[in-house]
Amino acid sequence: MCGIFAAITQRNIMNILIDGIKKLEYRGYDSSGLAIIDHDNNMVRIRCIGKVDELIRKIQKKKILGHIGVAHTRWATHGKISKANTHPHVSKNIIVVHNGTIENYSVLRIFLQKKGYIFYSDTDTEAIAHLLHWEQNKKKESIEQVIQNSIKQLYGNYSMVVIDKNNPTRLIAARSGSPLVIGLGIEENFIASDQIALLNLTKRFIYLEEGDIAIIKKKEINIFNKKNFKIKRKETISNIKYKSIKKGKYSYYMEKEIYEQPASIRNTLKNRVQKNNTIYFSELQFKKKNLLYYAEHIQMVACGTSYHAAMVSRYWFEAFAKIPCDVEIASEFSSRKIAIRKKSFLITLSQSGETADTLSALRYSKKFGYLGNLTICNMEGSSLVKESDSYILTRAGIEIGVASTKSFTTQLTVLLMLVAQIAHFKKENKIAEKIIETLHILPQRIEEVLKKNELIKNIAKKLSNKKNILFLGRGEQYPIAMEGALKLKEISYIHAEAYAAGELKHGPLALIDKNIPVIIIAPKNSLLEKIKKNIKEIYSREGVIYIFSDQEFNVEKNIHLVKLPYIEELIAPIFYIVPLQLLAYYIALNKGKNIDQPRHLAKSVTVE
Ligand code: F6R
């Protein structure tokens, strides 16, 4: 949440800053701003409400030359969306961009106001700027020393980059709770919230760790850990191709990412199935002996779409690997007193690996004596990967659209592989082999369902003007109904709710009338007859029904069949989300919404 980009360059910095912050827009797009120290050693600060394009428009008319600067794109936390609250924030010579929240900011604000500082914004970031200025003037120290001492006074999550206008030869970055990655150039260096912003500048990266402070000059970088010891952090070479983060022929990243799913799933499966039909995750190295396999219970924790993936896998863990499994929303898990099950193992799921609620849940779980923990994550250098005992990568590739698509289907693919692995360990060989065999067909099946896009487009036309839509599913299709509803509401702003179909008669049936379309996921499985009964219940109350199925149904007035290709039952949840993603996409497109950047949302939710 919020994107930070900063650089110290040989070339003129303006286009680099603009380009970098534009690439981080998915992290927040309420407002954006930048500050540069120009050739006359003046600070030039430009800020505006709205998307980065607004900032670009504002800058176009100006000719500003400089070699050091910071930029920021905001997702508002402290203080409304306004120019005054937009970063960078300044206190005389100190310029700050910040991502995160400072919990004790009101105490700091009162303290600093008493010292004579005037606050022009409602943000916690301005308190950081004034605090650094106050400390610097009190002790007459260098800005790096000041930051090292002052951050002890900040409680909360943050990553920040600071420039001292009185010595504009370096950027000072501090990480505590939100990610920062340094990009190494030739006699110039960069830092950003995500390597996506740096891929066109360099392939060489250094990820800062929790508590690190980095002093970044043109030709030199020094990093200090939380104990203030100078340390060397590992340099990694990224193999992500810059081309892969371009939209190419697609109108939106979400569309591209939906269509990438067969390739992403192929990548997720690649080299993980052994010759003897067992699963091997090369990165899955447990610090302790493979405790997951001896667990008597699995506790899964995640948010949003990742939570829905966990919910689907609960059906699989219990049915195929014969292991009891509970799933909880991360923010709930970490806000209650846990009674841990006997021999329980914790699994977190996250696309970004930076979701604050999931990270807090992992940290909180460490108090309770879980056998161990594992994260299933898309981002290798992320905080969740670093802080977990072990990890499995989903290999979806970079996902930029705020609405998760390919990260969901690759999470499900990994989860099903893990279920097969545990099933094997428990000598449930038949089912393990059946899963593996079926997973091989999955990418091809997704290709087949993607070809139904025209059919889905037509359904989208019928639904685009609706105010409310219900989604129903049974068994492992219930979380798919939830995920379908989430996709629709987040990008089209249509109110959508999902129910377990059996739950309908316990209340929601009262909602049914001709104005609320009901989308029902009804593949061929042991629950089909029950779902048919639910369809009758809705039909006899004049409900308008859209059945997504590979089966034939009597199509009558008010019953529409969205006939989909055949799918094996084992992989049906991974398959059925795809038409629902397309449906949400086409409805949002018809409504003219900004699909990749839905209002009020951001891709990586780094605040609790
Ligand atoms: C919905 C969506 C969010 C995320 C949630 C968790 O499309 O993207 O609900 O799934 O914020 O994010 P990660 O998976 O990065 O932990």
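So, here is what we can say about the structure in this document. (Residues numbered from 1 in each chain as written. Predicted model: local features only at pLDDT ≥ 70, side-chain atom pairs only at ≥ 80, totals over all residues. Heavy atoms only, no water.)

**Structural notes on the packing of helix H9 (residues 304-320) against helix H16 (residues 477-492)**
One can describe the packing of H9 onto H16 by two numbers: an axis separation of 8 Å at closest approach and a directional angle of 165 degrees. Our classification of the angle between H9 and H16 gives roughly antiparallel. The hand of the H9/H16 crossing is left-handed. On H16, the residues touching Gly 304, Thr 305, Tyr 307, His 308, Met 311, Val 312 and Tyr 315 of H9 are Tyr 478, Pro 479, Ile 480, Met 482, Glu 483, Leu 486 and Lys 487. Tallied by class, the residues present in the contact of H9 with H16 amount to nine nonpolar, three polar and two charged. (Axes fitted to C-alpha atoms, helices over the stretch in contact; angles between N-to-C directions. Helix = DSSP H or I, 4+ residues; strand = E, 2+ residues; numbered from the N terminus. Parallel < 35°, antiparallel > 145°, perpendicular 65-115°, else oblique. Left-handed = near helix turned anticlockwise from the far one by under 90°. Contact = heavy atoms within 4.5 Å. Nonpolar A, V, L, I, M, F, W, Y, C, P; charged D, E, K, R; others polar.)

**Considerations on helix H18 (residues 572-590)**
In this model, H18 (19 residues) spans 28 Å end to end at C-alpha, consistent with the 27 Å of a helix rising 1.5 Å per residue. For H18, the tally of buried residues reaches 17 of 19 residues, placing the bulk of the element in the interior. Backbone geometry just downstream of H18 places Gly 592 in the positive-phi region, at approximately 70 degrees. (Expected span 1.5 Å × (residues − 1). Buried < 20%, exposed > 50% of the residue type's maximum accessible area, 1.4 Å probe, protein only.)

**Here's the deal with the state of the cysteines**
Evaluation of the coordinates by the stated rule reveals zero disulfides. Not part of a disulfide, Cys 2 finds its nearest cysteine sulfur in Cys 48, a span of 15 Å. For Cys 48, a relative accessible area of 8% corresponds to the buried category. (Disulfide = S-S within 2.5 Å.)

**Some details on the sheet that holds strand E19 (residues 373-377)**
Spatial strand order, E17-E16-E18-E19-E20: five strands in an open sheet with parallel pairing. The strands lining the two open edges of the sheet, one partner per strand, are strand E17 (325-329) and strand E20 (390-393). On average, each strand axis in the sheet is tilted by 20 degrees relative to the strand beside it, whichever way the strands run. With five bridges connecting them, strand E16 (residues 297-302) and strand E18 (residues 344-350) associate as parallel partners. Residue His 297 lies in a different strand from E18, and its bridge partner there is Ser 344. In this fold helix H11 (residues 356-365) packs onto E16, E18 and E19, with an angle of close to 165 degrees to the strand it touches most, E18. (Pairing = 2+ DSSP bridges.)

**Quick notes on the site of the ligand**
Taken together, 15 residues lie near the ligand, and Ser 306, Ser 350, Ser 352, Thr 355 and Glu 490 sit nearest. With respect to the ligand, the backbone of Thr 305 contributes an N or O atom lying 3.0 Å from an oxygen atom. In this structure, Thr 355 approaches the ligand through a side-chain N or O atom, which is 2.4 Å from an oxygen atom. A total of 410 Å² of accessible area belongs to the ligand in isolation, and the protein chains cover 90% of it. Sorting the residues of the shell around the ligand by element identifies H9 and H16 as the ones contributing at least two each. For the shell around the ligand, a count of residues per class yields five nonpolar, eight polar and two charged. (Near = heavy atom within 4 Å. Polar contact = N/O pair within 3.5 Å; in protein donor to acceptor, adjacent residues only side chain to side chain. Areas by Shrake-Rupley, 256 points an atom, 1.4 Å probe, with all protein chains shown as cover.)

**What about the pairing of strand E7 (residues 156-164)?**
Counting buried positions along E7 gives eight out of nine residues, so the element sits mostly inside the fold. Here nine bridges tie strand E6 (residues 94-102) to E7, and the two strands are oriented antiparallel to one another. The partner of Val 97 across the bridge, within E7, is Val 161. Sheet topology places E7 next to strand E8 (residues 171-176); five bridges connect them, and they run antiparallel. Within E8, the position partnered with Ile 163 by the bridge is Leu 171. Taking the residues between adjacent antiparallel strands as the criterion, E7 and E8 are bridged by six residues.

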